[in-house]
Amino acid sequence: MDAHASVGHAELEIPYNVHPRPDTGLYNGKLGIWLFLASEVMLFGALFSSLILLRTGADSWPRGYEFLNVPLATFNTFILILSSVTVVMAWSHLRLGDLKKGRIYISATVLCALIFLTAKGFEYSHEFREGRFPKTNNFLAIYFTMTGLHGLHILGGVIVFLYFLGPGAKMWAKEPERYTNRIEIVGLYWHFVDLVWIFLFPILYLM
Amino acid sequence: MTDPAAAVEPGVDIHEHAGIGDPNAHRHSPEQIRKEMKVYLAVFIGLAVLTAVTVGACYGLKLPVHQAILVALIIASIKGFLVAAFFMHLLSEKKVIYGVLILTVIFFIFLMMLPVSHHANPFGS
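The model shown is predicted, which means the values in this text are computed figures rather than measured ones.

Draft legend 1. Representation of the overall build of chain A. Helix and strand counts for chain A come out as seven helices and zero strands. Each helix and strand of chain A, ordered N terminal to C terminal, gives the series α-α-α-α-α-α-α. Each of the three principal axes of chain A carries a C-alpha extent, and together these read 75 × 35 × 25 Å. Counting every position in chain A, which comprises 207 residues, the buried fraction comes to 36%. In chain A, of all internal contacts separated by at least 6 residues, the share reaching a separation of at least 24 is 75%.

Rendered as structure tokens:
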């Protein structure tokens, strides 16, 4: 009876979530996240394309630094870069078998993300107080759309990190390699979010 | 000729690109992982310096629009390369991921070209 039950359970296991598939050389989750990131490139790419269309088609286009808060956005850029380092350090410590330090670095990543979102909240509230809304002009429409979508991605990352700090961390006891792979996958997503900001910041604030 | 791979424990990756080992290798030596952590910190410093240079050039010097676009995009591309190459380990990834990314880049370039085609043949003209 137990033997049957264990065979049935093994059949339900998703294969290659720890060790690489022989044909791709990757565990399935990693190929999955890269395919997802490819779709994300298209999502943000469509918005960058829209920005180019609006800007090149406009008679005049405001320069972001004339009214946006560049020092605060620069601070946010440093924070996001720092969070990319903390997440990759978390992954490295997990590979060394050190869950405690891994969790410290994941917590630092979450903290960076929350600082970023708080600063963005200050920026948005300032714009609204000054009467600058998405409906005001095309620049602000694309600014709020792109930074808002990026902020949602940050929020999504925070939720996933919190899951792996909380209930998701139980996986470490039984399958530490699988847990480490999960953090690598979230990390890849997080680096992509950082990458998007690396281009958003100069395009919206400095040009 | 001695195979260097034979001198280390089986399954431990010894191949690396710019200090970063194969991220898909089943195991890495602790020394290799610590070496990678130093590379990550160096990349962080590089990214921070490049951010400061971008802000200094475009915001501090108030460059004309065309120069600001050129400087900002060149520096952003370098920063993007550092993040993708080192943090996302694209320096030493598997071919299937490069395949996915090449397709993505082709479609991304197509997306960026759409506004050009619009201005070349605007509606209503």
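Draft legend 2. Structural context of the overall build of chain B. The helix and strand tally for chain B stands at three helices and four strands. Order of helices (α) and strands (β) in chain B, N terminus to C terminus: β-β-β-β-α-α-α. By residue count, 23% of the 125 residues in chain B fall in the buried class. Across chain B, contacts joining residues at least 24 apart in sequence account for 41% of those joining residues at least 6 apart.

Draft legend 3. Here's a closer look at helix α5 (residues 138-165) of chain A. Residue and element names in this part refer to chain A. Over its 28 residues, α5 runs 40 Å from end to end, which matches the ideal 40 Å to within 8%, given 1.5 Å per residue. Buried within α5 we find Phe 139, Ile 142, Tyr 143, Met 146, Thr 147, His 150, Ile 154, Gly 157, Phe 161 and Phe 164. Looking at the buried positions of α5, the neighbouring elements they touch are α2 (28-57), α4 (99-129) and α7 (176-206).

Draft legend 4. Region of the structure containing the packing of α5 of chain A against α7 of chain A. Residues and elements named next belong to chain A. Contact geometry of α5 with α7 gives a least axis separation of 10 Å together with a crossing angle of 160°. Between α5 and α7, the angle falls in the class roughly antiparallel. Considering how the two elements wind past one another, α5 and α7 form a crossing that is left-handed. Side by side, α5 and α7 meet where Tyr 143, Met 146, Thr 147, His 150, His 153, Ile 154, Gly 157, Val 160, Phe 161 and Phe 164 of the first sit next to Arg 182, Ile 183, Val 186, Tyr 189, Trp 190, Val 193, Val 196, Trp 197, Leu 200 and Leu 204 of the second. Looking at side-chain class alone, the contact of α5 with α7 contains 15 nonpolar, four polar and one charged residues.

Draft legend 5. Representation of the nonpolar core within the structure. Ala 90 of chain A together with Tyr 40 and Ala 72 of chain B are the most contacted members of the largest nonpolar core, which has 67 residues in total. If you list the elements that add at least two residues to this core, you get α2, α3 (70-95), α4, α5 and α7 of chain A together with α1 (30-60) and α2 (65-87) of chain B. Broken down by element, this core gets its largest block of residues, 16 residues, from α7 of chain A. Tyr 40 of chain B has contacts with Val 85, Val 88 and Met 89 of chain A together with Phe 86 and Phe 87 of chain B, leaving out every residue within four places of it along the chain.

Draft legend 6. Here's a closer look at the interface of chain B and chain A. With 41 residues of chain B in contact, the opposing surface of chain A contributes 39 residues. Elements that contribute at least two residues to the side of chain B that touches chain A include exactly α1, α2 and α3 (95-120) of chain B. It is α1 of chain B that contributes the most residues to the side of chain B that touches chain A, 14 residues altogether.

Draft legend 7. View of unusual backbone geometry. Residues and elements named next belong to chain B. A positive phi angle is found at Lys 62, which is not glycine, with a value near 50°. Residue position: Lys 62 is located in the loop between α1 and α2. The backbone of His 89 sits at a positive phi, close to 60°, despite the residue not being glycine. Tracing the chain through its elements places His 89 in the loop between α2 and α3. On the basis of neighbour count, His 89 is assigned to the buried category, with 22 C-beta atoms found within 10 Å.

Draft legend 8. Main features of the confidence of the model for chain B. All names here are of chain B. Model confidence for chain B is summarised by a mean pLDDT of 84, while 81% of its residues fall at 70 or above. In this model, residues 1-11 is a region of pLDDT below 50 whose contacts with residues beyond four sequence positions or in other chains number five contacts. Scored as a whole, the predicted complex attains pTM 0.89, and scored at its interfaces, ipTM 0.90.

Draft legend 9. Focus on the environment of Leu 99 of chain A. Residues and elements named next belong to chain A. Looking at the element boundaries, Leu 99 is found in helix α4. Note: C-alpha distance between Leu 99 and Ala 173 (74 residues apart in sequence) is 9.9 Å. Among residues more than four places away in sequence, those in contact with Leu 99 are Leu 94 and Trp 172.

Draft legend 10. The arrangement of the packing of α2 of chain A against α7 of chain A in detail. Residue and element names in this part refer to chain A. Where α2 contacts α7, the axes come no closer than 10 Å and their chain directions differ by 15°. With respect to their mutual orientation, α2 and α7 come out roughly parallel. When the axes of α2 and α7 are compared, the crossing they make is right-handed. Every residue of α7 that contacts α2 at Gly 29, Lys 30, Ile 33, Leu 37, Glu 40 and Phe 44 is listed here: Asn 181, Ile 185, Leu 188, Tyr 189, Phe 192 and Val 196. When grouped by side-chain class, the residues that make up the contact of α2 with α7 number eight nonpolar, two polar and two charged.

The rules behind each value
Along every chain, residues carry numbers that run from 1 in the direction the sequence is written. By the order in which they are written, chains take letters starting at A while ligands take numbers starting at 1. Local features are withheld for residues below a pLDDT of 70 in this predicted model, meaning they are given only at 70 or higher, and side-chain atom pairs are given and counted only at 80 or more; totals for whole chains, interfaces and linings count all residues. Here a strand is any run of E in DSSP of at least two residues, a helix any run of H or I of at least four, and the numbering for each starts at the N terminus. Exposed residues have 12 or fewer other C-beta atoms within 10 Å of their own C-beta, buried residues have 20 or more, and partly exposed residues fall in between, where C-beta atoms are placed from the backbone. Here, residues touch in the contact sense if the C-beta positions derived from the backbone fall within 7 Å of one another. Take the number of residues in a helix, subtract one, and multiply by 1.5 Å to get its expected span. Fitting a line to C-alpha atoms yields each axis, with helices limited to the stretch in contact; the angle taken between N-to-C directions then spans 0 to 180 degrees. Should an angle lie under 35 degrees it is considered roughly parallel, over 145 roughly antiparallel, and from 65 to 115 roughly perpendicular; all remaining angles are considered oblique. Take the far helix as the reference: if the near one is turned anticlockwise from it by less than a right angle, the crossing is left-handed, and if turned clockwise, right-handed. When residues are grouped by polarity, Ala, Val, Leu, Ile, Met, Phe, Trp, Tyr, Cys and Pro land in nonpolar, Asp, Glu, Lys and Arg in charged, and all others, Gly among them, in polar. Think of a nonpolar core as buried Ala, Val, Leu, Ile, Met, Phe, Trp, Tyr and Cys residues chained together by C-beta atoms that fall within 7 Å. Per residue, pLDDT captures the predictor's confidence, and it can take any value from 0 to 100.

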